[in-house]
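Coordinate analysis (summary)
Next come the chains, spelled out residue by residue.
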Amino acid sequence: MRDRRTYKSIIPAVGLLVAAASLAGCGGNLGDKQAAATLTKLPITATEIGKQLRLTVPKSVPAGLVTVELTNAGKAFHEAQLIRLAPGHTPEDALKVIAAEGSPSPGWIHVAGGTGPAPPGGRRSATQRLRPGNYIVYDAPFQNEGSGLKFALASFKVEGEANSGGELPTAVAKIEAYEYGFRASGLTVGKNTIEFSNTGTEPHHVIAVPYKLGAALAEVRKAFRQTGGAEPPLDFRNVAYTARIDGGTKQITELDLVKKGKYALLCFVSDRAGGPPHVAKGMITEVTVR
């Protein structure tokens, strides 16, 4: 995949835009006799039928600490972005919001974590706290751009009372997002288990992209400030990213960093009030992966 096509596609695809979607949810309730110290699991299996991505999820899980387990049983990339909907709103309502690039995001829709992309035959997981309500899982990884594949959507419920019991697992590597930047520590080459926290009030995710040879932070910042200018000197073929989470939340998730050296941490999500993606507001941080 050429750098130019990959860079041009990452803004709409990672920014939660949608060209087509299908509803595909099935399965049963998870067991209700788990020990208090055992995390509930939300198993999600992803595959394709022809050109249609497909997700299989349980009908419901109990509220509280949940480990989202994405298994990619297909030949394309898949991800599991969770979105919580307030009562009275449907997945079709959510898709209208998702498709409106840069428009205000109403208070009834919440980005609620999940996992970043898993390669064909791969797995990704994230542990986080889920509030009661109706959820959708959105599967639209930008790595499939140009393949003609249609994006997938599935629905499930989080049942019971809000549960604040238990603690998230610990992680050595940490990335904190805020308005408008990141603080990161402990990142190493390979698959990282990270604590990804959003201490701001706006929704955020983190996209980690290695520098091209000889690139500098000033060039990266300049490229994202300009419209229609030069491409950022970044290697988007080796991008890694997390799911999006609301302000004041966090998760333990995975980030696969395949190269050593300098990376740019970016956020392409927009403010709830609408407007440009956060990267255009300067949400770019340089880190070194060892």
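Look a little higher up for the structure.
Below is a summary of the structure that appears in this document. Counting restarts for each chain: residues are numbered from 1 in the order of the written sequence. With the structure being a predicted model, the display of local features is reserved for residues of pLDDT at least 70 and the display and counting of side-chain atom pairs for 80 or more, all residues being used for whole-chain, interface and lining totals. Side-chain figures throughout are based on the complete set of non-hydrogen atoms in the structure, without hydrogens or water.

Salt bridge, as used here, is a side-chain nitrogen of Lys or Arg placed within 4 Å of a carboxyl oxygen of Asp or Glu. Here the structure, examined in full by the defined rule, presents nine salt bridges. Residue Glu69 is joined to Lys41 by a salt bridge in which the shortest nitrogen-to-oxygen separation is 3.7 Å. With Glu69 in strand S4 (residues 64–72) and Lys41 in strand S1 (residues 40–49), this residue pair connects regions lying 28 residues apart in the sequence. Put simply, Lys174 and Glu195 hold a salt bridge, and the shortest N to O gap is 3.6 Å. Of this pair, Lys174 sits in strand S10 (residues 173–178) while Glu195 sits in strand S12 (residues 190–198), and the two are 21 residues apart along the sequence. Secondary structure is summarised from DSSP: a helix means a run of H or I of at least four residues, a strand means a run of E of at least two, and numbering begins at the N terminus for each.

All right, on to the pairing of S12 then. Any two strands with at least two DSSP-identified bridges between them are counted as paired. Pairing analysis gives five bridges linking S10 to S12, with the strands arranged parallel. Across the sheet, Ile175 pairs through a bridge with Phe196, a residue of S12. By the bridge criterion, nine bridges tie S12 to strand S15 (residues 249–257) in an arrangement that is antiparallel. Opposite Ile194, over in S15, you have Thr253 as the bridge partner.

On to the sheet that holds strand S11 (residues 181–185). In any sheet, the strands associate via hydrogen bonds between backbone groups, in a parallel or an antiparallel arrangement. Read from one edge of the open sheet, eight strands run S2-S1-S4-S7-S15-S12-S10-S11, paired in mixed fashion. The open sheet has two edge strands with one neighbour each: strand S2 (52–56) and S11. The average undirected angle you get between the axes of adjacent strands in this sheet is 20°. Angles run from 0 to 180 degrees between N-to-C directions of axes, and those axes are lines fitted to C-alpha atoms, restricted for helices to the stretch in contact.

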